[in-house]
Amino acid sequence: MLVRRQTFQEVGLKNTVIGIAGGTGSGKTTVVKKIIGSFPNDKVIMLPQDAYYKDQGHLPIQERRLVNYDHPFAFDNELLKEHIRRLSAGQPVELPVYSYITYTRQKDSIHIEPGEIIIVEGILVLEDAELRDLLDIKIFVDTHADERFIRRLKRDIMERGRSVESVIDQYMNVVRPMHMQFVEPSKRYADVIVPEGGQNEVAIDLITTKIRSLLMGI
């Protein structure tokens, strides 16, 4: 006889929604990986804010490249918030797939089933007030600007075929101003600030301990 496993909603517990923000190159991905590694894979859902970029298919390709993708208006936060609410209610969602080559949302999507831990990661996760209200734990990964820039420079040259000049130009004219205007001010909303990203084992251990207590209803 097969016994159906009860969901966490059915046993009276709620899931834990974690927002992880920080500037580009701050080490958010490393922090996310270490948190995920502390729990069974079937308990963790990952919603990258980058998947929720607005579709720019209505624009000519040259104009798409000029869109400020570091500005809050570049993201479809309404859809992201809807997905968080649906997952928290025990309903599955379809995660968008975004092409960074064509700047468009693809026809295919990724089916996501509800889980006990929902991690929402992105540079502007803490900027939107309604989105913040959906988060049980708000984390800001804080890394020195020089280190963040060097990481971005290496990534864009090695992984995206960018020139040094183009990376510097984008950083000085778009990335840095948007960081100072939107990302850095959002740090004040964080419950936990993690200096130096994934290298801060003490902070990550404290975060995972808190997540476990929330999952158990303590």
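Anyway, here's the lowdown on the structure attached to this text.

**Regarding the overall build of the chain**
- On a plain count of helices and strands, the chain comes out with 7 helices and 7 strands.
- Here the C-alpha atoms of the chain give a radius of gyration of 18 Å, agreeing with the 17 Å that 2.2 N^0.38 yields for 218 residues.
- Expressed as lengths along the three principal axes of its C-alpha atoms, the size of the chain is roughly 60 × 40 × 30 Å.
- Counting only residues that meet the buried cut, the chain has 44% of its 218 residues in that class.
- Roughly 11,900 Å² of accessible area belongs to the chain as shown, and the carbon and sulfur atoms make up 55% of that amount.
- Once the 29 positive and 31 negative side-chain charges of the chain are each reduced to a mean point, those two points are 1 Å apart.

**Let's talk about the pattern of salt bridges**
- Throughout the structure, instances matching the rule amount to 13 salt bridges.
- The salt bridge partner of K81 is E78, with a shortest N-O separation of 2.9 Å. With a gap of 3 residues between them, K81 and E78 both fall in helix 3 (residues 77-88), about one helical turn apart.
- Linking K187 and D142 is a salt bridge whose minimum nitrogen-to-oxygen distance equals 3.2 Å. Placement of the pair is K187 in the loop between helix 6 (164-183) and strand 7 (192-195) and D142 in strand 6 (residues 137-142), with a sequence separation of 45 residues.
- Under the relative-accessibility criterion, D142 is labelled partly exposed at 24%.
- Put simply, E78, K81, D128 and E130 are held in one network by salt bridges that share partners.

**Let's talk about the side chain of T24**
- Here T24 shows up in the loop between strand 1 (16-22) and helix 1 (28-36).
- Looking at T24, the relative accessible area reads 11%, which means it is buried.
- At 3.0 Å, the side chain of T24 and the side chain of R152 are in polar contact.
- Once residues within four sequence positions are removed from consideration, T24 is found in contact with I123, R148, R152, R155 and V175.

**Looking at the nonpolar core**
- The biggest cluster of nonpolar side chains holds 32 residues, and the ones touching the most others in it are L47 and V120.
- Contributions of two or more residues to this core are made by strand 1, strand 2 (44-48), helix 3, strand 3 (93-99), strand 5 (117-121) and helix 6.
- The element best represented in this core is helix 3, accounting for 4 residues.
- Filtering out sequence-adjacent residues up to four positions away, V120 remains in contact with V17, I18, G19, I20, L47, L80, I84, V125 and L135.
- Counting residues in hydrophobic clusters, the runner-up holds 18 residues, among them V31, F39, I119 and L215.

**Structural notes on helix 1**
- Buried within helix 1 are the following residues: K28, V31, V32 and I35. Projected down its long axis, helix 1 carries its buried residues within an arc of 100°, all on one side.
- On its buried face, helix 1 sits against strand 1, strand 2, strand 5, strand 6 and helix 7 (201-215).

Scoring rules and cut-offs
Residues numbered from 1 in each chain as written. Predicted model: local features only at pLDDT ≥ 70, side-chain atom pairs only at ≥ 80, totals over all residues. Heavy atoms only, no water. Helix = DSSP H or I, 4+ residues; strand = E, 2+ residues; numbered from the N terminus. Rg over C-alpha atoms; globule rule 2.2 N^0.38 Å. Buried < 20%, exposed > 50% of the residue type's maximum accessible area, 1.4 Å probe, protein only. Areas by Shrake-Rupley, 256 points an atom, 1.4 Å probe, with all protein chains shown as cover. Lys, Arg positive; Asp, Glu negative; His and termini not counted. Charge placed at Lys NZ, Arg CZ, Asp CG, Glu CD. Salt bridge = Lys/Arg side-chain N within 4 Å of Asp/Glu carboxyl O. Polar contact = N/O pair within 3.5 Å; in protein donor to acceptor, adjacent residues only side chain to side chain. Contact = heavy atoms within 4.5 Å. Core = buried A, V, L, I, M, F, W, Y, C linked by side-chain atoms within 4.5 Å. Arc of directions from axis to C-beta.

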